[in-house]
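Per-entry structural report
The residues making up each chain are set out below.
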Amino acid sequence: MTEIPKSENQYIEFKSERVSAKILAEEIVAFANAEGGEIWLGVEDDRQVTGVSRTYEEDVMNICRVGVIPPLRPIYQDLEIDGVKVARISIAKGVDRPYYTSRNCYFIRVGSTKRVASREELMRL
């Protein structure tokens, strides 16, 4: 049985089903520019499982194809936790770093948060 991670950290991010495509693209870019990680869709920041009303696989793949540059291929899984449907999006450490959003923003993952990458951080990537 699949369990929700205990908390957000460098490799785990929880997002509500209501998350915007823009924010999702930023999180994906931040993970790809770091060591990779997982976004749990349908799980709130306080770990409450609110679930998803449908599959978001096509939406996520489109975000990774159009909203992330260069494009990425995450692993998308629909899961069930205590009878509630959630989604896990796994992003590998990017091989074509640095990645950026279609709005020309570079993000990195720092601890359990993302932030805009500095010039020096971009140069290291």
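As shown above, the structure is provided for reference.
The paragraphs below set out a description of the structure included in this document. Residue positions within a chain follow its written sequence, with the count starting from 1. Totals for whole chains, interfaces and linings use all residues, but because this is a predicted model, local features are given only for residues with pLDDT of at least 70 and pairs of side-chain atoms are given and counted only at 80 or more. Heavy atoms from the whole structure form the basis of all side-chain values; hydrogens and water molecules are not counted.

1. What to know about the side chain of serine 16
Keep this limit in mind: Think of it this way: any DSSP run of H or I at least four residues long counts as a helix, any run of E at least two long counts as a strand, and we number them from the N terminus. Polar contact is the term for a pair of N or O atoms within 3.5 Å; when the atoms are in protein, one must be able to donate a hydrogen and the other to accept it, and sequence-neighboring residues count only if both atoms are side-chain atoms. Any two residues whose heavy atoms approach within 4.5 Å at even a single point are treated as in contact.
As for its placement among the helices and strands, serine 16 is situated in the loop between β1 (12-15) and α1 (21-33). A distance of 3.0 Å separates the side chain of serine 16 from the backbone nitrogen of arginine 18, its partner in a polar contact. Leave out the neighbours within four places in its chain, and serine 16 touches Leu41, Gly42, Val43 and Glu44.

2. Description of the pairing of strand β8 (residues 113-116)
This is how the line gets drawn: At least two DSSP bridges between two strands are required for those strands to pair.
By the bridge criterion, four bridges tie strand β7 (residues 107-110) to β8 in an arrangement that is antiparallel. From the neighbouring strand, isoleucine 108 faces β8, where its bridge partner is arginine 115. Hairpin geometry of β7 and β8 is characterised by an intervening segment of two residues between the two adjacent antiparallel strands and by a positive phi of about 60 degrees at glycine 111.

3. Things to note about the nonpolar core
Within soluble globular proteins, side chains that are nonpolar tend to cluster in buried spots. Convention followed: Nine residue types can take part in a nonpolar core, namely buried Ala, Val, Leu, Ile, Met, Phe, Trp, Tyr and Cys, and a core is a set of them joined through side-chain atoms within 4.5 Å. For the exposure calls, accessible area comes from a 1.4 Å probe over protein chains only, and a residue counts as buried if that area is under 20% of its type's maximum, exposed if over 50%, partly exposed in between.
Among the nonpolar cores identified, the biggest contains 22 residues, and Ile28, Ile39, Val60, Val68, Leu72, Ile89 and Ile91 are the most heavily contacted of them. Elements represented by at least two residues in this core include exactly α1, β2 (36-41), α2 (57-67) and β5 (84-92). Of the residues forming this core, the biggest block, seven residues, is contributed by α1. For isoleucine 28, the residues in contact, after removing those within four places along its chain, are Ile39, Ile63, Cys64, Val68, Leu72 and Ile91. Ile12, Phe14, Trp40 and Ile81 belong to the second largest nonpolar core, which has eight residues in total.

4. Topic: the packing of α1 against α2
Going by this rule: Note on geometry: axes are C-alpha line fits, over the in-contact stretch for helices, and angles between N-to-C directions span 0 to 180 degrees. Put simply, angles under 35 degrees are roughly parallel, angles over 145 are roughly antiparallel, angles from 65 to 115 are roughly perpendicular, and the rest are oblique. In this classification, Asp, Glu, Lys and Arg are treated as charged, Ala, Val, Leu, Ile, Met, Phe, Trp, Tyr, Cys and Pro as nonpolar, and every other residue, Gly included, as polar.
One can describe the packing of α1 onto α2 by two numbers: an axis separation of 10 Å at closest approach and a directional angle of 70 degrees. As summarised for this structure, α1 and α2 are arranged roughly perpendicular, according to the angle between their axes. Only Val60, Ile63, Cys64 and Gly67 of α2 make contact with α1, whose side of the interface consists of Ala21, Leu24, Ala25 and Ile28. Class assignment of the residues belonging to the contact of α1 with α2 gives a composition of seven nonpolar, one polar and no charged.

5. Some words on the environment of glutamate 8
When you line up the elements, glutamate 8 lands in the segment before β1. Separated by 32 residues in sequence, glutamate 8 and tryptophan 40 place their C-alpha atoms 9.7 Å apart. At a separation of 2.8 Å, a polar atom in the side chain of glutamate 8 contacts the main-chain amide nitrogen of phenylalanine 14.

6. Observations regarding the environment of serine 7
Mapped onto the elements, serine 7 comes out in the segment before β1. Take serine 7: its relative accessible area is 39%, and that puts it in the partly exposed class. With near-sequence residues (within four places) excluded, serine 7 lies in contact with Ile12 and Phe14.

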